[in-house]
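# Structural features, examined
Each chain, letter by letter, is given below.
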Amino acid sequence: HMPAEVQKLVDQGIRNAEREAQIRFRQRDPSLLFMVPSHWYTQFLAAHEDELQLPEFWERLLVRAYTGIKTCHGHDLSLWREWFMNADRDALRDAGDPLPSDLPTTLYRGVSGSAEFDEGISWTSDRQKAERFARIGGIHYGNERVIERPFNPDELLFYCNERGEHEYALLL
């Protein structure tokens, strides 16, 4: 059982967090996501999808959540595809980083395990990064490989390089 003075502090912290979340929502501030642990981003978006699907705000949240999750997106791939398919393409691109001036001709995807992940959303212009992702996954799942495909700008959802991964999110 928690002492009353500790419970009072916990309750106050929860009320403060709720107020801060409401402020960020009213301001359409995608940092609203930072109030949730990154491994819960998908669940948070799914639980509040109806309230959050506001023009441009939803796309900024999608990009922020997708690039902020530190684990494989494979578990929720069909949900992410649905969200991206129904989102405003221009707003998604605007929510990402500016595209590099020299666009790649080839993109790579490091995968392991089942072939179902070969046509995923995240691709990179850096073959060494793809090889690294394949090795990391290969430790757990085996069958590591690098998939190559020509870059088609029409498939681009957004570009992100905040982690130095040269990530091109594609809807195939």
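Refer to the structure above for everything that follows.
Attention here is on the structure that accompanies the text. (Residues numbered from 1 in each chain as written. Predicted model: local features only at pLDDT ≥ 70, side-chain atom pairs only at ≥ 80, totals over all residues. Heavy atoms only, no water.)

### Details of the overall build of the protein chain
When helices and strands are counted, the protein chain shows seven helices and five strands. Its helices and strands in sequence order give the protein chain the pattern α-α-α-α-α-α-β-β-α-β-β-β, from N to C terminus. Each principal axis of the C-alpha atoms in the protein chain carries an extent, and together these give about 60 × 35 × 25 Å. Within the protein chain, the proportion of its 172 residues that are buried is 39%. For the protein chain, the proportion of contacts with a sequence separation of at least 24, taken over those separated by at least 6, is 64%. Of the accessible surface of the protein chain, which amounts to about 10200 Å², a share of 51% is contributed by carbon and sulfur atoms. One way to put it: in the protein chain the 20 positive side-chain charges average out to a point 5 Å from where the 29 negative ones average out. (Helix = DSSP H or I, 4+ residues; strand = E, 2+ residues; numbered from the N terminus. Buried < 20%, exposed > 50% of the residue type's maximum accessible area, 1.4 Å probe, protein only. Contact = heavy atoms within 4.5 Å. Areas by Shrake-Rupley, 256 points an atom, 1.4 Å probe, with all protein chains shown as cover. Lys, Arg positive; Asp, Glu negative; His and termini not counted. Charge placed at Lys NZ, Arg CZ, Asp CG, Glu CD.)

### Some thoughts on the nonpolar core
Counting 27 residues, the largest nonpolar core has Leu45, Leu62, Trp80 and Phe84 as the members making the most contacts within it. Of all the secondary structure elements, the ones that give two or more residues to this core are helix H2 (41-47), helix H4 (57-68), helix H5 (77-86) and strand S4 (156-160). Looking at which element gives the most residues to this core, the answer is H4, with seven residues. Counting nine residues, the second largest nonpolar core, distinct from the first, contains Val111, Leu156, Tyr168 and Leu170. (Core = buried A, V, L, I, M, F, W, Y, C linked by side-chain atoms within 4.5 Å.)

### Here's the deal with the pairing of strand S5 (residues 167-170)
The alternating pattern of S5 places Glu167 and Ala169 on one face and Tyr168 and Leu170 on the opposite face, and all of these are buried. Sheet topology places strand S2 (residues 122-124) next to S5; three bridges connect them, and they run antiparallel. For Ser122, the partnering residue across the bridge sits in S5 and is Ala169. Pairing of S4 with S5, which is carried by four bridges, proceeds in the antiparallel orientation. Within the sheet, the bridge partner assigned to Tyr159 lies in S5 and is Tyr168. Where S4 folds back onto S5 in an antiparallel hairpin, the turn is made up of six residues, including Gly164, whose phi is positive at roughly 70 degrees. (Pairing = 2+ DSSP bridges.)

### Focus: the environment of Val36
Mapped onto the secondary structure, Val36 falls in the loop between helix H1 (4-26) and H2. Ignoring any residue separated from it by four or fewer positions in sequence, one finds Val36 in contact with Tyr41 and Phe44.

### Concerning the packing of H4 against H5
The relative placement of two packed helices is expressed as an angle between their axes plus a distance between the axes. Where H4 contacts H5, the two axes come as close as 11 Å, and the packing angle between them is 145 degrees. At the point where H4 passes H5, the crossing takes the left-handed sense. Along the contact surface, H4 presents Trp58, Leu62, Ala65 and Tyr66, while H5 presents Trp80, Trp83 and Phe84. A breakdown of the residues in the contact of H4 with H5 according to their chemical character gives seven nonpolar, no polar and no charged. (Axes fitted to C-alpha atoms, helices over the stretch in contact; angles between N-to-C directions. Left-handed = near helix turned anticlockwise from the far one by under 90°. Nonpolar A, V, L, I, M, F, W, Y, C, P; charged D, E, K, R; others polar.)

### Some remarks on helix H7 (residues 127-141)
Three or four residues apart is the spacing at which side chains of an α-helix point the same way, because the helix has 3.6 residues per turn. With 15 residues, H7 ought to run about 21 Å at 1.5 Å a step, and its terminal C-alpha atoms sit 20 Å apart, in line with that. The inward-facing, buried residues of H7 abut strand S1 (106-111), S2 and strand S3 (145-150). By the N-cap criterion, in which a side-chain oxygen at the helix start approaches the backbone nitrogen of a residue two or three places on, H7 is capped by Asp126, the distance to Gln128 being 2.9 Å. Looking one or two places after H7, you find Gly142, whose phi comes out positive at around 70 degrees. (Expected span 1.5 Å × (residues − 1). Polar contact = N/O pair within 3.5 Å; in protein donor to acceptor, adjacent residues only side chain to side chain.)

### A few points about the pairing of S1
Burial analysis of S1 places five of its six residues in the buried class, which makes it a mostly covered element. Relative to S3, S1 runs antiparallel, the two sharing six bridges. Bridge pairing in S3 links Thr106 to Pro150.

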